[in-house]
Amino acid sequence: MRSPSRWHVALTVGFLALLSVAPLWVDASGRGYLVTVLTRVVIFGLAAMSLDFVMGYGGMVSLGHAAFLGAGAYTAGALTYHSLDGSRLLGIPGTDQTLVTWPLATVVGALLGLVIGGLSLRTKGIYFIMATLAFNQMIYFLFNALEIYGGDDGVGLFAARRAIGPLDASDDTVFFYVCFAVLVALAVILNLVVRSPFGRVVRGCRSNMARMAALGYQTYRYRLAAFALSAAITSLAGAMAVTESQFLSPSFAEWTESGELLVMVIVGGLGSLIGGVIGAGALFLLEELSIDITDNWQFFVGVGLLAIVLGAPRGLTGVLLGLGRSHD
Amino acid sequence: MNLFIEQTLNGLQLGFTLLMVSAGLTLIFGIMNIINLAHGSAFVAADVGGRTGNYLLALLAGIAGAAVAGLIVELGLIRRLYHRDHLYQVLATFALVLIANQAVQMIWGSTPRSVAAPEFLDRTVTVLPGLPYPAYRLAITATGIAVIVFLHLLVERTRVGMWIRAGRTHRELLGAFGVNVRLLYTLVFAVGAGLAGLAGVVAAPFLSVESGIGDHFLILSFVVIVVGGIGSLKGALYGSLMLGRTYLPDLFGRFVDPSTAATAGASVASASIYLVMVVVLVVKPNGLFGLADE
């Protein structure tokens, strides 16, 4: 178990600071369109960070987090959809007010996390991975069946506002900072959680579940609570992602999306929280750089991933912290 | 009544196709304790072989190609991951999925293709008065039965099978007795991949062959194994047949008649197989026939 080091805090603050000025930099260099890419880094980085929380600290390898991403996207997206055409969802009028849709998506994610986690955590090891993946598929097919939102084609919500309270965040730079604020808040919260007594029990379960049980902890409940917290945050990220893209489709919940979140965590560095955001940054950067050269950038993601698994299992954060340590 | 019989036969055929993928996977999980997401890609590799025209040639090429691919992957990659966390096995094989899917697209494009059944099976037989049924589907069911009988005899009646069973629980001891465990693992992995390849070729005529098609079968196989229990051939058999019957409406909607694939009913049917899994997880977390401590 890693103790919070000075270097780790410095890396977290440093990377977030870098991210906070990135829109100004891309604007100044005349590539303002990249702001939306940065926003996606923030949103998917948030999801990867919450996955790192269950995986790096809780030892629960989930290959089903795209289910929560999709749940958040469909909660927020459906409400927005109904506000656009004025229809009702189960008797409730729709809304594009993110102060309503985002918290609601978070709650839906937590509940879904309790159900999926509650069942999957009855299993261990490989079974757990496969069970989360299977639940992911179940959710994916359910979204596919929602003909009202375009079935497997999805539906555009382009006429919707990005309303945040009285603020209209339709401007991409404004919206970036809204998402960034959410990311910073949750980075602080998650860092506090992993250092809290609750977080210590969860980390203890990762190291030695039998011993934690022998000490009298209800390991199942602690792990389930951690899983649900992660699901809630990932679901929030899904809601943010649909507000960003203004397009709702089942692809949010595709199993490869779960895999990509996993990749972000590993590329960035497992068990560091900020690693998820760094990994998201690295992945979107690679996509952006290679998209002009080749359509098959995922091929190179695969090759790079193999290199990381075999050569640098602690990811970029591990490399950066290793550099930091050498100066200690 | 005829419809019911036809549906059941279809379910059997699908179940046995699924079984060919799952049986190889469950052997790999059971003995090597390694998770392999790229297993479905062997399915694709074989599908590709299935386009060469001569069906029997394609069958042999598909199985051999998938087995050799499995051999290379085991020697070059999986071998380094035995002692690593499952997470890294997931990641490494996910990387293989990305590479394989993209490679298929780069080489053959993203347009789905269809593969014809071999001529001598491209007809119907009358299984019951008034119920014609495609001979090819019956042949798949027969192939699946042959595979499971072969695997059962291999695992339960031969020396290699004895090693496989021993390797599941007493890996070090098996090595101490002079068995080349590394070679055994490599062979099991190659046989598993070959089986996925076989499934890929035989399934090709009633699927539209495209990059990523293996993923569907891979995830279904995971469900089969979660339901049946890791390492249990019996579990894979019962799991496959159960899911084959349940999943049926969707798979046929999805692959045979794309226009009906869009209907909500099909997607709900495919979601329903996961309900089967949920029930089993609640009652028996290690699967129906899983070992008590995995």
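Since the model is a prediction, treat every value here as computed from it, not as a measurement.

Chemist: Hey, could you go over the overall build of chain B for me, with residue numbers and the actual values?
Modeler: Secondary structure summary: chain B contains twelve helices and two strands in total. In sequence order, the secondary structure elements of chain B are arranged as α-α-α-α-β-β-α-α-α-α-α-α-α-α. Taken across its 294 residues, chain B has 54% of its residues classed as buried. A separation threshold of at least 6 residues defines the contact pool for chain B, and within that pool the share at least 24 residues apart is 78%. Working note: accessible area of chain B is about 11900 Å², and carbon and sulfur atoms make up 66% of it.

Chemist: Please set out empty space enclosed by the protein residue by residue, giving values where relevant.
Modeler: All names here are of chain A. Counted by the stated rule, this structure contains three cavities of 30 Å³ or more. Estimated volume of the second largest cavity: approximately 90 Å³. The wall of the second largest cavity is formed by Ala76, Thr80, Asp96, Thr98, Thr101, Leu157, Ala160, Arg161, Arg162, Val242, Thr243 and Gln246. Put simply, the parts of the chain that give the lining of the second largest cavity at least two residues each are α3 (66-85), α4 (98-120) and α9 (219-245).

Chemist: Tell me what's going on with helix α12 (residues 297-311) of chain A, and back it up with residues and numbers.
Modeler: Its 15 residues place the ends of α12 of chain A 21 Å apart at the C-alpha level, agreeing with the 21 Å of an ideal helix rising 1.5 Å per residue. For α12 of chain A, the complete set of buried residues consists of Trp297, Val301, Gly302, Leu305, Leu306, Ile308 and Val309 of chain A. On its buried side, α12 of chain A packs onto α10 (255-268) and α11 (274-290) of chain A together with α4 (86-108) of chain B.

Chemist: Mind laying out the nonpolar core, listing which residues take part and the relevant values?
Modeler: Core analysis: the largest hydrophobic core is formed by 189 residues, its most contacted members being Leu19 of chain A together with Leu37 of chain B. Among the elements that line this core, the one with the most residues is helix α2 (residues 34-57) of chain A, at 17 residues. Residues lining this core come from more than one domain, with at least three contributed by each of domain 1 (50-253) and domain 2 (255-328) of chain A. Apart from residues no more than four positions distant in its own chain, leucine 19 of chain A is found in contact with Leu38, Val41, Val42, Phe176, Phe180, Leu183 and Val277 of chain A.

Chemist: Provide a residue-level description of the packing of α4 of chain A against helix α5 (residues 125-144) of chain A, including the pertinent values.
Modeler: All names here are of chain A. In contact at an axis separation of 9 Å, α4 and α5 are set at 140° when each is read in the N-to-C sense. Classified by the interaxial angle, the pair formed by α4 and α5 is oblique. Classified by chirality, the crossing of α5 by α4 is right-handed. Taken together, the residues of α5 that come into contact with α4 (itself represented by Leu112, Ile116, Leu119 and Ser120) are Phe128, Ala131, Thr132, Phe135 and Ile139.

Chemist: Explain the interface of chain B and chain A to me, and be specific about the residues and the numbers.
Modeler: Listed by partner, the interface residues are 54 residues for chain B and 43 residues for chain A. In total, about 4300 Å² of surface goes out of reach between chain B and chain A, with carbon and sulfur atoms giving 80% of it. Taken together, chain B and chain A are joined by zero salt bridges. For the interface between chain B and chain A, the tally reads two residue pairs in polar contact (both at pLDDT 80 or more). At the level of secondary structure, the elements contributing two or more residues to the side of chain B that touches chain A comprise α4, α9 (213-228), α10 (233-255) and α12 (264-283) of chain B. Considering every element that reaches the side of chain B that touches chain A, the biggest residue donor is α4 of chain B, with 15 residues. Residue composition of the side of chain B that touches chain A, by class: 37 nonpolar, ten polar and seven charged.

About the criteria used
Residues numbered from 1 in each chain as written. Chains lettered and ligands numbered in written order. Predicted model: local features only at pLDDT ≥ 70, side-chain atom pairs only at ≥ 80, totals over all residues. Heavy atoms only, no water. Helix = DSSP H or I, 4+ residues; strand = E, 2+ residues; numbered from the N terminus. Buried < 20%, exposed > 50% of the residue type's maximum accessible area, 1.4 Å probe, protein only. Contact = heavy atoms within 4.5 Å. Areas by Shrake-Rupley, 256 points an atom, 1.4 Å probe, with all protein chains shown as cover. 1 Å grid on protein atoms, 1.4 Å probe; cavity = no way out; pocket = protein on both sides within 12 Å on 5 of 7 lines; lining within 4 Å. Points joined across faces, edges and corners; volume = space filled by probe spheres on them. Expected span 1.5 Å × (residues − 1). Core = buried A, V, L, I, M, F, W, Y, C linked by side-chain atoms within 4.5 Å. Domains from an automatic or database assignment. Axes fitted to C-alpha atoms, helices over the stretch in contact; angles between N-to-C directions. Parallel < 35°, antiparallel > 145°, perpendicular 65-115°, else oblique. Left-handed = near helix turned anticlockwise from the far one by under 90°. Buried area = accessible area lost by both parts, 1.4 Å probe. Salt bridge = Lys/Arg side-chain N within 4 Å of Asp/Glu carboxyl O. Polar contact = N/O pair within 3.5 Å; in protein donor to acceptor, adjacent residues only side chain to side chain. Nonpolar A, V, L, I, M, F, W, Y, C, P; charged D, E, K, R; others polar.

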